[in-house]
Amino acid sequence: MSRPAEYNRNSVIDQATGVFWEKGYGKTSISDLVEATGLQPGSLYAAFGNKKGLFLEVVDQYNDAFIRQLRALRGADGAAITKLSGVLEQIVEDACSGNAEYGCLTVNALLELSRHDADISARLRGYNARVRKALAWLVRDAQAEGDVSTARDPNQIASFVVNNIWGMRVMCKSQPDRASLEGVVAGVMAGLQH
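Keep in mind that this is a model prediction, so the values were computed, not measured. Per-chain numbering applies: the sequence of each chain, read as written, is numbered from 1 onward. Reporting in this predicted model follows two pLDDT cut-offs: at least 70 for local features of residues, and 80 or more for side-chain atom pairs to be given and counted; totals over whole chains, interfaces and linings ignore these cut-offs and use all residues. Only hydrogens and water are removed before side-chain values are computed, so all heavy atoms of the structure are retained for them.

Side note on the packing of aromatic side chains
Inclusion rule: Pairing of aromatic rings covers Phe, Tyr and Trp, the last through its six-membered ring, and needs centres within 6.5 Å; plane angles under 30 degrees mean stacked, over 60 mean edge-to-face, and all others mean tilted. A run of DSSP states H or I qualifies as a helix once it reaches four residues; a run of E qualifies as a strand once it reaches two. Both are numbered from the N-terminal end. Think of it in three bands: with a 1.4 Å probe and only protein chains considered, a residue is buried below 20% of the maximum accessible area for its type, exposed above 50%, and partly exposed in between. Working rule: Lys NZ or Arg CZ, within 6 Å of ring centre, within 35 degrees of ring normal, means a charge sits over the ring.
Throughout the structure, instances matching the rule amount to five aromatic pairs. Measuring from centroid to centroid gives 5.2 Å for W21 and Y62, while their planes differ by 80°, and the two rings are edge-to-face. Of this pair, W21 sits in helix 1 (residues 9–23) while Y62 is found in helix 4 (residues 51–75), placing the two residues 41 residues apart along the sequence. Taking the relative accessible area as the measure of exposure, W21 reaches 25% and is therefore partly exposed. Grouped by ring-pair contacts, the aromatic residues F20, Y25 and F55 constitute a single cluster. In this structure, K51 packs its charged tip against the face of Y25, placed 4.3 Å from the ring centre.

And the structure:
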């Protein structure tokens, strides 16, 4: 009978997330991951296969959290247009409070790896499709509430919002001022409502 693992997998993923987020994939070493997680190299390889396997789980957990957040908005009280605005305003708050110091883990992975690694590229394309789908539901709700024109395709509008989310997250890496980010939010919201 094999001995059960003596670690919490989600905790290891959380600890590894901080390292990958700060250093990026390429500059993160197994030694960095051993130090952060407390697992020995053999245990890391046994649990995740290799550094890339751990990174894919980190990206999945990070992305799943954002998808759950977007899906939960549909059941929350309030107008859908306000919920859409809130998603963008949260990026502003994160940037201005110092919570976006390293940018977005997903955007960082897209910029660093998507052209060079087919597995990561496919994973991130799938994630982007899920974000667009979740946002398209909010757009449809906003259309039903009369705040967004029904003459426009909700999937195209959702793609526009996703593009701006990623753009704002890239901007956050340069520590922009609040007014610049709020200007982006105002522009996106104006684009949604016309």
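Text resumes after the structure shown.
Remarks on the nonpolar core
Selection rule: Think of a nonpolar core as a cluster: buried Ala, Val, Leu, Ile, Met, Phe, Trp, Tyr and Cys residues, connected wherever their side-chain atoms sit within 4.5 Å. Should any heavy atoms of two residues lie within 4.5 Å, those residues are counted as being in contact.
F20, L44, L54, F55, V131, L135 and I165 are the most contacted members of the largest nonpolar core, which has 58 residues in total. With ten residues, the single largest contributor to this core is helix 7 (residues 118–144). Excluding residues that lie within four positions of it along the chain, F55 makes contacts with F20, Y25, A109, L113 and I120.

What about the state of the cysteines?
Using the following cut-off: Cysteine sulfur atoms that come within 2.5 Å of each other are treated as a disulfide pair.
As enumerated under the stated definition, the model contains zero disulfides in all. Between C104, a cysteine without a disulfide, and C172, which holds the nearest cysteine sulfur, the sulfur-to-sulfur distance is 9.2 Å. Judged by relative accessible area, which is 2%, C104 ranks as buried. For C172, which is in no disulfide, the shortest distance to another cysteine sulfur is to C96 and amounts to 7.9 Å. Assessed through its relative accessible area of 5%, C172 is described here as buried.

A look at the side chain of K83
Heads up, the condition is: We score Asp and Glu as negative and Lys and Arg as positive, and we do not count His or the chain ends. Any carboxyl oxygen of Asp or Glu that lies within 4 Å of a side-chain nitrogen of Lys or Arg is treated as forming a salt bridge with it.
Mapped onto the fold, K83 is located in helix 5 (residues 80–96). Although K83 is buried, it makes no salt bridge; D141 carries the closest opposite charge, 5.7 Å away. Non-local contacts of K83, meaning those with residues more than four positions away in its chain, are made with L73, R74, A76, D77, G78 and L138.

Remarks on helix 9 (residues 178–192)
Note the threshold: One less than the residue count of a helix, multiplied by 1.5 Å, gives the span that helix is expected to have. It is the directions from the helix axis to the C-beta atoms that the arc portrays. Here a polar contact means two N or O atoms within 3.5 Å. Within protein one must be a hydrogen donor candidate and the other an acceptor candidate, and residues neighboring in sequence count only if both atoms are side-chain atoms.
With 15 residues, helix 9 extends 21 Å from end C-alpha to end C-alpha; this agrees with the ideal 21 Å at 1.5 Å per step. Taken together, the buried positions of helix 9 are L181, V185, V188, M189 and L192. All buried residues of helix 9 fall inside an arc of 95° around its axis, so they share one side. On its buried face, helix 9 sits against helix 5 and helix 8 (154–172). The N-cap residue of helix 9 is D177: its side-chain oxygen and the backbone nitrogen of A179 are 3.2 Å apart.

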